[in-house]
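Now for the letters of each chain:
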Amino acid sequence: MSEQVLFYRLSRKFVDEKFDVPEEAKSVMYYSLAIGHHLGIVDCLKADIVCPRDAYREWVAKLPAGSEARRKMEGFLTFGEVTIYREHCHMLACAFDRLRAADLTDEERGWTEAFMDQLAALHRDPHMYLMLRSR
């Protein structure tokens, strides 16, 4: 099991050239991407945040116990992967905004700011998503 938690964001996507997709079908294709079905689309994921697993555990433990945000983020520790879609933005942004007032290490402050930036980008682009995975 990897000791690193990587926060990936969809940085770009493109249609595999071996598939000829009519222009009117592209919205269906991108919707399929958003729900996890890849129809000739290649995702390019970029790791914006990398943190040690133990530090990640301590950081998300600072979210309120029993909160939906903490449950979502602790999903990584249980399943080894978490996908964050646009519908999670508000809940997570509110929780991490409140976390800014907590007693955070300098590293945790950096991760919080970078994650808030990721959430803002996700909110602006409905075709984007975030994924937490280990390497």
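Structure: above.
Read on for a plain summary of the structure. (Residues numbered from 1 in each chain as written. Predicted model: local features only at pLDDT ≥ 70, side-chain atom pairs only at ≥ 80, totals over all residues. Heavy atoms only, no water.)

**Details of the pattern of salt bridges**
Scanning the entire structure with this criterion turns up seven salt bridges. The residue Lys62 makes a salt bridge to Glu108 at a minimum N-O spacing of 2.6 Å. Of this pair, Lys62 sits in the loop between helix 2 (53-60) and helix 3 (68-79) while Glu108 sits in helix 5 (residues 106-124), and the two are 46 residues apart along the sequence. Given the relative accessible area of 33%, Lys62 is considered partly exposed. Asp97 is paired through a salt bridge with Arg100; the nearest N and O atoms lie 2.8 Å apart. (Salt bridge = Lys/Arg side-chain N within 4 Å of Asp/Glu carboxyl O. Helix = DSSP H or I, 4+ residues; strand = E, 2+ residues; numbered from the N terminus. Buried < 20%, exposed > 50% of the residue type's maximum accessible area, 1.4 Å probe, protein only.)

**Notes on the packing of helix 2 against helix 5**
Contact pair helix 2 / helix 5: the axes reach a minimum separation of 11 Å and the direction vectors enclose 75 degrees. On the basis of their axis angle, the class for helix 2 and helix 5 is roughly perpendicular. Taking contact as the criterion, the partners of Ala55, Glu58 and Trp59 in helix 2 are, on helix 5, Glu108, Trp111, Thr112 and Phe115. A breakdown of the residues in the contact of helix 2 with helix 5 according to their chemical character gives four nonpolar, one polar and two charged. (Axes fitted to C-alpha atoms, helices over the stretch in contact; angles between N-to-C directions. Parallel < 35°, antiparallel > 145°, perpendicular 65-115°, else oblique. Contact = heavy atoms within 4.5 Å. Nonpolar A, V, L, I, M, F, W, Y, C, P; charged D, E, K, R; others polar.)

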